[in-house]
Amino acid sequence: MDSATLHQMILQNPHLVTSYAGVWSADNFPKQSGTWSKTKPNQTQTRLKSSFVCQTPRLVWFQIVNTSPVGTRGKHWILVGGVVTQRKRIRVFIWDCLGKSLSHYKTLVQRLKQLYNDTGFWTIHLRLQNLSSNMCGIYCLFMVDYIARNPTKVPRNIDQKLKNFTEVDIIRFINCRYHTFFRYTVV
């Protein structure tokens, strides 16, 4: 799945579009706010001001980031996002649907440390995708939709029931939610 397709699909989902912060490469994704402050809104906060209704916790922003640097062929999509907590702090989370350690993605880790070393970030440890699958973009959409509906579970308490979802279930969900026609093919 390419970045244009991801972008178009996200813009179709009214539950995600207000927290959408782009599709990026591992070396060029921008930093999002590390705190929630009503006195000095940043670009993300200004964009989301109308959707922030004192309901905390909630998904504030998310990015879908490719593990490859800009200008190279993309390899794998990772979900990066922020959930505002009861204390109005944003917890930055990272999720790899393959369940690999972030150390496998050197460029991505360098960028994460550069942007979020002072505030920190958490990894969601939940493998859903099969190593032979190439549907990582779909998995990212599935997870961000789940997080948008269940932000209190991020990042440490993601339901283990998600492990029961098969790739066929996830593709069906995406096809229904986004009116697409992705197919599961056994080779």
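Up top you'll find the structure we're talking about.
Residues numbered from 1 in each chain as written. Predicted model: local features only at pLDDT ≥ 70, side-chain atom pairs only at ≥ 80, totals over all residues. Heavy atoms only, no water.

A. Region of the structure containing the packing of helix α4 (residues 136-149) against helix α5 (residues 167-178). Taken N-terminus to C-terminus, the directions of α4 and α5 make an angle of 70 degrees; their axes are 10 Å apart at the nearest point. By the angle between their directions, the pair α4 and α5 is classed as roughly perpendicular. Within the contact between the two elements, α4 uses Ile-138, Tyr-139, Leu-141, Phe-142, Asp-145 and Arg-149 and α5 uses Glu-167, Ile-170, Phe-173, Ile-174, Arg-177 and Tyr-178. (Axes fitted to C-alpha atoms, helices over the stretch in contact; angles between N-to-C directions. Helix = DSSP H or I, 4+ residues; strand = E, 2+ residues; numbered from the N terminus. Parallel < 35°, antiparallel > 145°, perpendicular 65-115°, else oblique. Contact = heavy atoms within 4.5 Å.)

B. Looking closely at the state of the cysteines. Here the structure, examined in full by the defined rule, presents zero disulfides. With no disulfide of its own, Cys-97 lies 5.3 Å from the sulfur of Cys-140, the closest cysteine sulfur. (Disulfide = S-S within 2.5 Å.)

C. Here's a closer look at the sheet that holds strand β5 (residues 122-124). Spatial ordering of the open sheet is given by β1-β2-β3-β4-β5, a layout of five strands whose pairing is mixed. Looking at strand neighbours, the two that pair on one side only are β1 (20-24) and β5, the edges of this open sheet. The mean angle between the axes of side-by-side strands here comes to 25 degrees, regardless of whether they run parallel or antiparallel. Bridge analysis of strand β2 (residues 58-66) against strand β3 (residues 77-84) gives eight bridges, and the strand direction is antiparallel. Residue pairing for β3: Phe-62 is matched across the bridge by Gly-81. Across the sheet, α4 lies against β2, β3, β4 (90-95) and β5, angled at about 10 degrees from β3, the strand it touches most. (Pairing = 2+ DSSP bridges.)

D. Structural view of the side chain of Gln-129. Residue position: Gln-129 is located in the loop between β5 and α4. Here Gln-129 falls in the buried class, since its relative accessible area comes to 2%. (Buried < 20%, exposed > 50% of the residue type's maximum accessible area, 1.4 Å probe, protein only.)

E. Region of interest: the nonpolar core. Counting 35 residues, the largest nonpolar core has Phe-62, Ile-64, Leu-79, Trp-95, Met-143 and Ile-147 as the members making the most contacts within it. When contributions to this core are tallied by element, the ones reaching two or more residues are α1 (3-11), β1, β2, β3, β4, α4 and α5. It is α4 that contributes the most residues to this core, ten residues altogether. (Core = buried A, V, L, I, M, F, W, Y, C linked by side-chain atoms within 4.5 Å.)

F. Just α5, in detail. End to end, α5 covers 16 Å across twelve residues, agreeing with the expected 16 Å (1.5 Å per residue, within 8%). Along α5, the residues classified as buried are Glu-167, Ile-170, Ile-171, Ile-174, Asn-175 and Tyr-178. Each buried residue of α5 lies within a common arc of 135 degrees when the element is viewed along its axis, so the set occupies one face. Exposed and facing more than 90 degrees away from the buried side of α5 are Arg-172 and Cys-176. Its buried side turned inward, α5 meets α1 and α4. (Expected span 1.5 Å × (residues − 1). Arc of directions from axis to C-beta.)

G. Examining unusual backbone geometry more closely. Residues other than glycine seldom take positive phi values, yet His-179 does so here, at roughly 55 degrees. Relative to the elements of secondary structure, His-179 occurs in the segment after α5.

H. Quick peek at the environment of Val-80. Relative to the helices and strands, Val-80 resides in strand β3. For the pair Val-80 and Ala-21, spaced 59 residues apart in the sequence, the C-alpha separation amounts to 9.7 Å. Residues in contact with Val-80, not counting those within four places in the same chain, are Trp-61, Phe-62, Gln-63, Val-65, Val-92, Phe-93, Ile-94 and Leu-112.

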